[in-house]
Amino acid sequence: MARMTLAVHPQLYSIHSFSPDSELVPEVFRQPMFFIGKTKDELSVVVPAELQLDSLEEESNWRCLEVLGPLGFSMTGILASVSGILAEAKISIFAISTFDTDYILVKKDKLQQAIQALKKTNYQIIHYQA
């Protein structure tokens, strides 16, 4: 596999859990980046940590690593590779995929450990500026 680059986002994110029939406040859709996932059992929302939401549960202090893309659907194993490296380093992740690329969220206190593990396995890490 070619050498991949991951970009570290400067902001903190929170992951929220809602009941599946919940209505989201309009502020969610005004964020520079947000993710929403809905199933018959739940509604999950990832937003910048500054946005306080009245959710059933909240997991705070996540940092985001973006796999620089677009990757294309023919590229395989990228998320598996990154998540495998981080699992080996005992770092839990929250993975999100879009049409163009993958995002891996790690807890803020594990970010430097994640960067070190990825660099050791030939990933290039850059930092987006705030």
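Structure: above.
Predicted, not measured: the structure shown is a model, and the values here were computed from it. (Residues numbered from 1 in each chain as written. Predicted model: local features only at pLDDT ≥ 70, side-chain atom pairs only at ≥ 80, totals over all residues. Heavy atoms only, no water.)

Visitor: Would you take a moment to explain the overall build of the chain for this structure?
Guide: Across its full length, the chain carries two helices and eight strands. A compact globule built from 130 residues would reach a C-alpha radius of gyration of about 14 Å, and the chain, at 15 Å, matches this within 12%. Projected onto its principal axes, the C-alpha coordinates of the chain cover approximately 40 × 30 × 25 Å. Contacts in the chain between residues at least 24 apart in sequence constitute 73% of all its contacts with a sequence separation of at least 6. (Helix = DSSP H or I, 4+ residues; strand = E, 2+ residues; numbered from the N terminus. Rg over C-alpha atoms; globule rule 2.2 N^0.38 Å. Contact = heavy atoms within 4.5 Å.)

Visitor: Teacher, can you tell me more about the environment of Ile15 here?
Guide: When you line up the elements, Ile15 lands in strand S2 (residues 13-18). You can call Ile15 buried: its relative accessible area is 10%. Separated by 20 residues in the primary sequence, Ile15 and Phe35 have C-alpha atoms spaced 9.2 Å apart. Sequence-distant contacts of Ile15, defined by excluding residues within four places in its chain, comprise Val45, Val46, Glu57, Glu58, Glu59, Trp62, Phe94 and Leu105. (Buried < 20%, exposed > 50% of the residue type's maximum accessible area, 1.4 Å probe, protein only.)

Visitor: Sorry if this is basic, but what is going on with helix H1 (residues 78-88) here?
Guide: At 3.6 residues per turn, the α-helix brings residues three or four places apart onto the same side. Residues of H1 that are buried: Ile78, Val82, Ile85 and Leu86. On an axial view of H1, the arc spanned by its buried residues comes to 95°, and they lie on one face. Projecting away from the buried face of H1 at angles above 90 degrees are the exposed residues Ala80 and Glu88. Buried residues along H1 sit against strand S5 (57-67), strand S7 (102-107) and helix H2 (111-120). Just past H1, the residue Lys90 takes up positive phi, approximately 65°. (Arc of directions from axis to C-beta.)

Visitor: Sorry, what's going on with the packing of aromatic side chains here?
Guide: The description of two aromatic rings rests on the distance between their centres and on the angle between their planes. Counting across every chain of the model gives three aromatic pairs. Relative to Tyr103, the ring of Phe35 lies with its centre 5.2 Å away and its plane at 55°, an arrangement referred to as tilted. Of this pair, Phe35 sits in strand S3 (residues 35-38) while Tyr103 is found in strand S7, placing the two residues 68 residues apart along the sequence. Each member of the pair Phe35 and Tyr103 is classed as buried. (Phe/Tyr/Trp six-rings, centres within 6.5 Å; stacked < 30°, edge-to-face > 60°.)

Visitor: I keep staring at unusual backbone geometry and nothing clicks. Help me out?
Guide: Excluding glycine, a negative phi dihedral is what most residues carry, and trans is how most peptide bonds are arranged. One non-glycine residue, Asn61, lies in the positive phi region at around 65°. Looking at Asn61, the relative accessible area reads 35%, which means it is partly exposed.

Visitor: Looking at this structure, I do not really get the pairing of S5. What am I missing?
Guide: In the sheet, strand S1 (residues 5-8) pairs with S5 via three bridges, with the strands oriented antiparallel. Residue pairing in the sheet places Ala7 in a bridge with Glu66 of S5. Both S2 and S5 contribute to a ladder of four bridges, which runs antiparallel. Looking at the pairing, His16 lines up with Glu58 of S5. (Pairing = 2+ DSSP bridges.)

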